[in-house]
Amino acid sequence: MTADPAVDRARYDRATVHLDAPLAVVDLAAFDANATDLVRRAGGKPVRVASKSVRCRALLERALARDGFAGVMSFTLAESLWLARSGCRDVLLAYPSADRAGYAELAGDPELAAAVTVLVDDPAQLALIDAARDGGREEIRVCLELDTSLRLLGGRLRFGARRSPLRSPAELAALARSVVRRPGFRLVGLMAYEGHIAGVGDAVPGRPLRSRAVRLMQSAARRELAGRRAAAVRAVRAVAPDLEFVNGGGTGSVQHTAAEEAVTEVAAGSGLLLPRLFDHYTAFSGRPAALFAQPVVRRPGVGVVTVLGGGYPASGPAGRDRLPVPYLPAGLRYDPAEGPGEVQTPLLGPAADDLLLGDRVWFRHAKAGELCERFAALHLIEGDKVVATVPTYRGEGRTFL
């Protein structure tokens, strides 16, 4: 991206003039710059790529080919097996699974079992895996997850996602003992994702009081978690001395998490593409790398144009921040009575009067990987040329969730 959005718009329009919109692009210069910055912030610890924020094998491979990146953090067991069969030799499944067919496949294939690590936070999940083996005898690699949420006022206030039930070092150690005592499993890792620190912007324009409150919460959360995570790692290593990795962090907290001695690697994915939810952080800034274009198909009146489609809301609590944002040309906004629509989206503003039928409006998605659920291909741009067109997961016929 350049300092002048109008220059970027002209580049993207020239690069894709031979293509019909809707379409999605990735600016490779921005992607590479973001990757370099993630490695810098990780301070020498490897960055594991969160695949849910990328959902395109070509881009996963591009990141993993760079120094400083190692391994993938996946989001379903089916995806993990697919990536391993595609050549990825280090896949950490970051969420528990109830995929019995997937576990049978994993337990029956030595190459898959060596490449994929599954997440467990309850002894019942071990029993589920054993029941699904279908005769497979391969040892299953296991990672435990620590609850990272910040709890105040005796637990009446909670900041952080509801993920693992394992909060204390003693609880982690108890489950670790269950794993090491059970034949057919090997405990290799510990994971702790602090989404309330890594995924919440702390410098939102126009909201100084909320931003200050977020910074205070995150500062307290980092202190509390650093001590508890270190104690949890000690407790688990006392049970499993050969623990291979301790994973933590996310795009917004890479440098803070990497600074913890107990952490051996950090995870990040959104920081490669920089969707709009990652615009407002004091700890880092990146370059928007992923955009999508919708064509102008109507001009209903002065100061308004209508583009085809565009209603691509992101997951999470419903709100304006979960909507894509009109990005180029600058100065467009949604009609509050309609918003981004399923099949058409009116856009208001002075810039609308300079748009002709067939022109493109470029948008940024609220989240990174969810854009790939809407498009079968990404057009990779260098300068003002498309240098490759690569399939997304959807384009390869893979819709894991």
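Analysis parameters
Along each chain, residues carry numbers from 1 onward, in the same order as the chain's sequence is written. Totals for whole chains, interfaces and linings use every residue, but because this is a predicted model, local features are given only for residues with pLDDT of at least 70 and side-chain atom pairs only at 80 or more, for both listing and counting. Processing note: side-chain calculations cover all non-hydrogen atoms of the structure and skip hydrogens and water entirely. Salt bridges are defined by distance alone: a side-chain nitrogen of Lys or Arg within 4 Å of a carboxyl oxygen of Asp or Glu. Strands are runs of DSSP state E lasting at least two residues, helices are runs of H or I lasting at least four, and both sets are numbered from the N terminus onward. Remark: exposure states derive from per-residue accessible area (1.4 Å probe, protein chains only) relative to the maximum for the residue type, with buried under 20%, exposed over 50%, and partly exposed in between. What fixes the domain bounds is an automatic or database domain assignment. Here, residues are in contact when the closest pair of their heavy atoms is within 4.5 Å. Throughout, the accessible surface (probe 1.4 Å) given up by two parts as they are put together, summed over both, is called the buried area. Within 3.5 Å is the distance limit for a polar contact, defined as a pair of N or O atoms, with the added protein rule that one can donate a hydrogen and the other accept it, and that residues adjacent in sequence qualify only through two side-chain atoms. Grouping into patches uses exposed residues only, defined as over 30% relative accessible area, and leaves out salt-bridged ones; the cut-off is 9 Å for like charges and 5 Å for nonpolar side chains (Val, Leu, Ile, Met, Phe, Trp, Tyr). For the accessible areas, the method is Shrake-Rupley and the probe is 1.4 Å, while residue cover comes only from the protein chains on display. Axis definition: a line fitted to C-alpha atoms, over the contacting stretch in the case of helices. Angles run 0 to 180 degrees between N-to-C directions. Roughly parallel covers angles under 35 degrees, roughly antiparallel covers those over 145, roughly perpendicular covers 65 to 115, and oblique covers all other angles. Three classes are used: nonpolar for Ala, Val, Leu, Ile, Met, Phe, Trp, Tyr, Cys and Pro, charged for Asp, Glu, Lys and Arg, and polar for all others, with Gly counted as polar. Pairs of strands are assigned from DSSP output, requiring at least two bridges between the strands.

Under the annotation held in an unreviewed UniProt entry, the protein chain carries the name Alanine racemase and is attributed to Streptomyces carminius.

Caption draft 1: A look at the pattern of salt bridges. Applying the stated criterion across every chain yields a total of 31 salt bridges. Put simply, Arg-186 and Glu-139 hold a salt bridge, and the shortest N to O gap is 3.0 Å. With Arg-186 in strand S9 (residues 185–192) and Glu-139 in the loop between helix H7 (123–132) and strand S6 (140–145), the pair connects residues that are 47 residues apart, well separated along the chain. What makes Arg-186 partly exposed here is its relative accessible area of 35%.

Caption draft 2: Main features of the domain arrangement of the protein chain. Here the domain parsing of the protein chain yields domain 1 (28–273) and domain 2 (289–394). Once you take the C-alpha centre of each, domain 1 and domain 2 turn out to be 32 Å apart. Tallying the contact residues gives 23 residues for domain 1 and 16 residues for domain 2. Both faces considered, domain 1 and domain 2 share a buried interface measuring about 1300 Å² in area, 68% of it formed by carbon and sulfur atoms. Three residues stand out in domain 1 for area buried against domain 2, namely Leu-28, Arg-55 and Leu-273, and they jointly supply 51% of the buried area on that side. Inspection of the domain 1/domain 2 interface yields 1 salt bridge. Close ionic contact of Glu-373 with Arg-55 constitutes a salt bridge, the shortest N to O distance being 2.8 Å. Our enumeration of links across domain 1 and domain 2 arrives at 6 residue pairs in polar contact (both at pLDDT 80 or more). Mapped onto the side of domain 1 that touches domain 2, the elements with two or more residues apiece are helix H2 (28–42), helix H3 (57–64), helix H4 (77–85) and helix H12 (270–273).

Caption draft 3: Region of interest: a nonpolar patch on the surface. On the surface, Leu-152, Leu-153 and Leu-157 cluster together to form a nonpolar patch covering roughly 250 Å² of accessible area. Along the polypeptide, Leu-153 turns up in the loop between strand S7 (150–152) and strand S8 (157–159). For Leu-153, a relative accessible area of 53% translates into the label exposed.

Caption draft 4: Structural view of the packing of helix H5 (residues 100–107) against H7. Packing of H5 against H7 brings their axes to within 8 Å, and their N-to-C directions diverge by 70°. Relative to H7, the element H5 lies roughly perpendicular. Across the interface between the two elements, Arg-100, Tyr-103 and Ala-104 of H5 pack against Leu-128, Ile-129 and Ala-132 of H7. For the contact of H5 with H7, the per-class residue count stands at 5 nonpolar, no polar and 1 charged.

Caption draft 5: Examining the sheet that holds strand S11 (residues 265–268) more closely. Read around the barrel, 8 strands follow the order S2-S3-S4-S5-S6-S9-S10-S11 and close on themselves; strand pairing throughout is parallel. In this sheet, adjacent strand axes meet at a mean angle of 30° when their direction is disregarded. Against the sheet, H4 engages strand S3 (69–74), strand S4 (91–93) and strand S5 (116–120), with an angle of about 175° to S4.

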